[in-house]
Amino acid sequence: MTDDAGSPAAVAAPTRLETLSGAIAQVFPQGLVAVAGHTGELTYEVPADRLLEVAAVLRDHAALKFEMCMDVCGVDYLEHGRAEWKTDDATSSGFSRGVARSVAQPAAVPGRRFAAVYHLLSIAHNQRVRLRVFCADDTQPMVDSVAGIWAAADWFEREAFDLFGILFKGHPDLRRLLTDYGFIGHPFRKDFPLSGNVEVRYDPEKGRVVYQPVSIDPRVLVPKVIRHDNRYDPALTNAPVATTGKPGG
């Protein structure tokens, strides 16, 4: 490539992100599905049956060296991009969740509701990458545990199990981590009620804490509308009014 004067034009050096993307493409010739994003980081969707294989290569390959798993989180894509806030009396008026009302929305795709997302860090190369793995079964979501590859994933996976109900096959001790003993359900699922199902209180007659059905009345939570506040109208206060019509300072 040459410039207008006929001399070779300078070629911009690849960015760190481009270098990492090229290394991943070379290491995985069969290819991983890149997920579009705007965070300045790379995200790849990995088939559930290839998770352990891909994770081990990302950790051990000299060009990648993702030695640390910084976080594992669950995602519930129920109604994602297809419906607005679920309220009792108005679901399609005014409070958008980014839904294109003029476009017919497709039906939910089986095996695309629950996902586990892995945030990885390479200390050797000072790089980050994100993996997303969808659970094939929406009724009983399950993926392989990566605790044998990154020990730090142990409690992260327990948290995702507790809050989303995602099962991690092969986990050494998959118990609830944040909710109480005997808790029923998974509170971060989109179909879990905001007020929960049960509440606890101290019973003075029994001398202990007891469970009972929740007594909170359900409420519709919608964003507030900001309106003009007459209390700050210059005509109703002692603030001088400028000749331009704007409040004086």
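Everything discussed here concerns the structure shown above.
To start, this report covers the structure provided alongside it.

The rules behind each value
Residues numbered from 1 in each chain as written. Predicted model: local features only at pLDDT ≥ 70, side-chain atom pairs only at ≥ 80, totals over all residues. Heavy atoms only, no water. Buried < 20%, exposed > 50% of the residue type's maximum accessible area, 1.4 Å probe, protein only. Helix = DSSP H or I, 4+ residues; strand = E, 2+ residues; numbered from the N terminus. Arc of directions from axis to C-beta. Contact = heavy atoms within 4.5 Å. Pairing = 2+ DSSP bridges. Axes fitted to C-alpha atoms, helices over the stretch in contact; angles between N-to-C directions. Salt bridge = Lys/Arg side-chain N within 4 Å of Asp/Glu carboxyl O. Phe/Tyr/Trp six-rings, centres within 6.5 Å; stacked < 30°, edge-to-face > 60°. Lys NZ or Arg CZ within 6 Å of the ring centre and 35° of its normal. Patch = residues over 30% accessible without salt bridge, like charges linked within 9 Å, V, L, I, M, F, W, Y side chains within 5 Å. Areas by Shrake-Rupley, 256 points an atom, 1.4 Å probe, with all protein chains shown as cover.

### What to know about helix α2 (residues 51-60)
Thought 1: Residues of α2 that are buried include every one of Leu 51, Val 54, Ala 55 and Leu 58, and no others. Seen from one end, α2 has its buried residues packed into an arc of 100 degrees, which puts them on one side.
Thought 2: Considering only its buried residues, α2 is in contact with β4 (114-122), β5 (127-134) and β6 (142-144).

### Structural notes on the sheet that holds strand β1 (residues 33-34)
Thought 1: Strand order in the open sheet made by the five strands is β1-β2-β5-β4-β3, with mixed pairing throughout. Lying at the two open borders of the sheet, with one neighbouring strand each, are β1 and β3 (68-76).
Thought 2: Relative to strand β2 (residues 42-45), β1 runs antiparallel, the two being bridged by two bridges. The residue bridging Ala 34 from the neighbouring strand is Tyr 44, located in β2.
Thought 3: Running over the sheet, helix α3 (residues 153-164) touches β3 and β4 and is turned about 10 degrees from β3.

### Some points on the side chain of His 171
Thought 1: Along the chain, the position of His 171 falls in the loop between β7 (167-169) and β8 (198-203).
Thought 2: Residues contacting His 171, with those up to four places away along its chain left out, are Ser 145, Asp 154, Glu 157 and Arg 158.

### Some details on the pattern of salt bridges
Thought 1: With the rule as written, the count across this model stands at eleven salt bridges.
Thought 2: One salt bridge connects Arg 112 with Glu 45, and the closest N-O pair in it is separated by 2.6 Å. Residue Arg 112 is located in the loop between β3 and β4, and its partner Glu 45 is located in strand β2; the two are separated by 67 residues in the primary sequence.
Thought 3: The exposure class assigned to Glu 45 is buried, which follows from its relative accessible area of 17%.
Thought 4: In this structure, Asp 162 and Arg 176 form a salt bridge, with 2.7 Å as the shortest nitrogen-oxygen distance. One end of the pair, Asp 162, is in helix α3; the other, Arg 176, is in the loop between β7 and β8, with 14 residues separating them in the sequence.
Thought 5: According to the relative accessible area criterion, Arg 176 is partly exposed, its value standing at 25%.
Thought 6: Three or more residues joined by partner-sharing salt bridges are found here, namely Glu 45, Arg 112 and Arg 132.

### As for the environment of Met 70
Thought 1: Counting through the fold element by element, Met 70 comes out in strand β3.
Thought 2: The class of Met 70 is partly exposed, set by a relative accessible area of 32%.
Thought 3: Residues Met 70 and Ala 152 lie 82 residues apart in sequence; the distance between their C-alpha atoms is 7.5 Å.
Thought 4: Once residues within four sequence positions are removed from consideration, Met 70 is found in contact with His 119, Leu 121, Arg 128 and Phe 156.

### Overview of unusual backbone geometry
Thought 1: Residue Lys 65 is not a glycine yet carries a positive backbone phi of 55 degrees.
Thought 2: Note that Lys 65 resides in the loop between α2 and β3.
Thought 3: In this model, Asn 126 sits at a positive phi of 55 degrees, which is unusual for a non-glycine residue.
Thought 4: Mapped onto the secondary structure, Asn 126 falls in the loop between β4 and β5.
Thought 5: Taking relative accessible area as the criterion, Asn 126 reaches 57% and is therefore assigned exposed.

### Points about the packing of aromatic side chains
Thought 1: One pass over the full model with this rule turns up three aromatic pairs.
Thought 2: Geometrically, the ring pair formed by Phe 164 and Phe 188 is edge-to-face, given 5.7 Å between the ring centres and 80 degrees between the ring planes. Taken as a pair, Phe 164 in helix α3 and Phe 188 in the loop between β7 and β8 lie far apart in primary sequence, 24 residues in all.
Thought 3: Between Arg 112 and the ring centre of Phe 134, over which it is positioned, the NZ or CZ distance is 3.8 Å.

### A few points about a nonpolar patch on the surface
Thought 1: A cluster of nonpolar side chains, contributed by Val 198, Val 200, Tyr 202, Val 209 and Tyr 211, occupies part of the molecular surface with about 500 Å² of accessible area.
Thought 2: The set of elements that each furnish at least two residues to the nonpolar patch consists of β8 and β9 (208-213).
Thought 3: For Val 200, the position within the fold is in strand β8.
Thought 4: With relative accessibility at 47%, the residue Val 200 sits in the partly exposed group.

Purely geometric numbers; function is a separate question.
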